[in-house]
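Per-entry structural report
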There are 2 protein chains.
Amino acid sequence: MGYAFWVDETAGAIADPVRREILVMLRSGPMSAGEIAGRFAISRPAVSRHLRVLRESGLVRAELAGRRRLYTLDPGPFAELAGWLAQFARPSGWEHRLDALETEVHRTRRERRRPGGAADGGKESTA
Amino acid sequence: MGYAFWVDETAGAIADPVRREILVMLRSGPMSAGEIAGRFAISRPAVSRHLRVLRESGLVRAELAGRRRLYTLDPGPFAELAGWLAQFARPSGWEHRLDALETEVHRTRRERRRPGGAADGGKESTA
DNA sequence: AGAAAGCGTAACCCAACGGTTACGCATTAC
DNA sequence: GTAATGCGTAACCGTTGGGTTACGCTTTCT
């Protein structure tokens, strides 16, 4: 058990400036794909693929609204990654402050598995 | 001001399984380069370069000890990234819990700038 | 001094990634 | 029904990234 491959997914998704900017945009509410793409200088298909990465990593959820596609933030993975990071950054007695976060982590873990449902693998445990 | 490009550095560094495993190793105390490399199946130069990335991202500090090189964790960047993530994962009134973290962030920000000292740029603000 | 140990760097190769244009499919508008 | 809009995918291309082997420099051992 412990933290596993989804940290990779999440960290990988966040490790791109465009994708991070998209996430920041979505903080102020759901947006359509075109609306998002409109705010970037790069081509729309490029943004579309960034959105795909964000979807597959679970950071974002897409909801079909007519011929448009509304994107919304999913806080789960953020909390998971933050939880993983907390192992390293504990200025002074941090761990007990992360209880609520842990709860969030376990609550959303199962729901977030990608359709295909690749197995966990078990490697990269925290201990 | 606000979060900026060092999120990129940190996230990029963390977005690799080998590097994350190195970080986990170092949680239990400082280790030499060879000692770290010895625990991986990949070649030692490969590990050496991963260590370089970790060094440049500030997640790790190297201290020369004779002909060996001791690596130690630096909690600063972890806290920074966690702080950035906190904007998104706020199950319920999280922000005030991150004050101590914010302090840590500002305390270590300046010390961590890479020797070359590339300018901040100002983009990718949190607002 | 000479040999060995410990690390990092350089040069090289292939896979992955992010960008582009062309295209296809569904949904709304006329 | 036909045109236009919205969005995703496919095919392609240059760049980046992580792996390898070969090499060089410094520090310890004998």
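For the structure itself, consult the block above.
Let me sum up the structure you'll find in this document. Counting restarts for each chain, with residues numbered from 1 along the sequence as it is written. Numbering of ligands from 1 and lettering of chains from A proceed in the order in which they are written. It should be noted that, the model being predicted, local features are given only for residues of pLDDT at least 70 and side-chain atom pairs only at 80 or more, the latter also being counted only at that level, while totals for whole chains, interfaces and linings use all residues. Calculation of side-chain values draws on the structure's entire complement of heavy atoms; hydrogens and water are dropped beforehand.

Considerations on the overall build of chain A
Basically, it comes down to this: Think of it this way: any DSSP run of H or I at least four residues long counts as a helix, any run of E at least two long counts as a strand, and we number them from the N terminus. Working definition: with a 1.4 Å probe on protein chains only, accessible area under 20% of the residue-type maximum means buried, over 50% means exposed, and in between means partly exposed. The criterion used for residue contact is that any of the two residues' heavy atoms lie within 4.5 Å. In this description, accessible areas are obtained by the Shrake-Rupley approach with a 1.4 Å probe, and a residue is regarded as covered only by the protein chains that are shown.
Counting secondary structure elements, chain A contains six helices and three strands. Its helices and strands in sequence order give chain A the pattern α-α-β-α-α-β-β-α-α, from N to C terminus. For chain A, the proportion of its 127 residues judged to be buried stands at 46%. Partitioning the contacts of chain A with sequence separation of at least 6, the portion at a separation of at least 24 is 61%. With the model as given, the accessible surface of chain A reaches about 6,600 Å², and the carbon-plus-sulfur share is 50%.

Some thoughts on the protein's contact with DNA strand C
What counts here: The nearness test applies per residue and asks whether one of its heavy atoms lies within 4 Å of the molecule or strand. Between N or O atoms, a polar contact is any pair within 3.5 Å; within protein, one atom must be a potential hydrogen donor and the other a potential acceptor, and residues adjacent in sequence are included only when both atoms are from side chains. Polarity classes work like this: nonpolar for Ala, Val, Leu, Ile, Met, Phe, Trp, Tyr, Cys and Pro, charged for Asp, Glu, Lys and Arg, and polar for all others, with Gly in that last group.
Lining the immediate environment of DNA strand C, one finds 22 residues, of which Ser43(A), His50(A), Gly66(A), Gly34(B) and Tyr71(B) sit closest. Taking Arg19(A), its side chain carries an N or O atom lying 3.1 Å from a phosphate oxygen of DNA strand C. One of the backbone N or O atoms of Arg67(A) is found 3.5 Å from a sugar or linking oxygen in DNA strand C. Mapped by element, the contributors of at least two residues to the surface near DNA strand C are helix H2 (17-26) and helix H4 (44-57) of chain A together with helix H3 (33-37), helix H4 (44-57) and strand E3 (68-73) of chain B. When the residues that make up the surface near DNA strand C are grouped by side-chain class, the tally is seven nonpolar, six polar and nine charged.

Looking at the protein's contact with DNA strand D
Lining the immediate surroundings of DNA strand D are 22 residues, of which Gly34(A), Tyr71(A), Ser43(B), Arg49(B) and His50(B) lie closest. Residue Arg44(A) places a side-chain N or O atom 3.0 Å away from a base oxygen belonging to DNA strand D. In the environment of DNA strand D, a phosphate oxygen lies 3.1 Å from a nitrogen or oxygen atom belonging to the side chain of Ser48(A). Going through the elements one at a time, helix H3 (33-38), H4 and strand E3 (68-73) of chain A together with helix H2 (17-26) and H4 of chain B are the ones with two or more residues in the surface near DNA strand D.

Details of the packing of aromatic side chains
To keep things clear, this is the line we draw: The aromatic pairing rule takes the rings of Phe, Tyr and Trp, using the six-membered ring of Trp, and pairs them if the centres are within 6.5 Å, calling planes under 30 degrees apart stacked, those over 60 edge-to-face and the rest tilted.
For the coordinates displayed, the defined rule picks out four aromatic pairs over all chains. A centroid spacing of 4.6 Å and a plane angle of 20° characterise the contact between Phe88(A) and Phe78(B), whose relative ring orientation is stacked. Of this pair, Phe88(A) sits in the loop between helix H5 (75-86) and helix H6 (99-112) while Phe78(B) sits in helix H5 (residues 75-86), each in a different chain. On the accessibility criterion, Phe88(A) (7% relative accessible area) is buried. Three or more aromatic residues link up through ring pairs in this structure, and these residues are Phe78(A), Trp84(B) and Phe88(B).

Any functional reading would require information beyond the geometric quantities listed.
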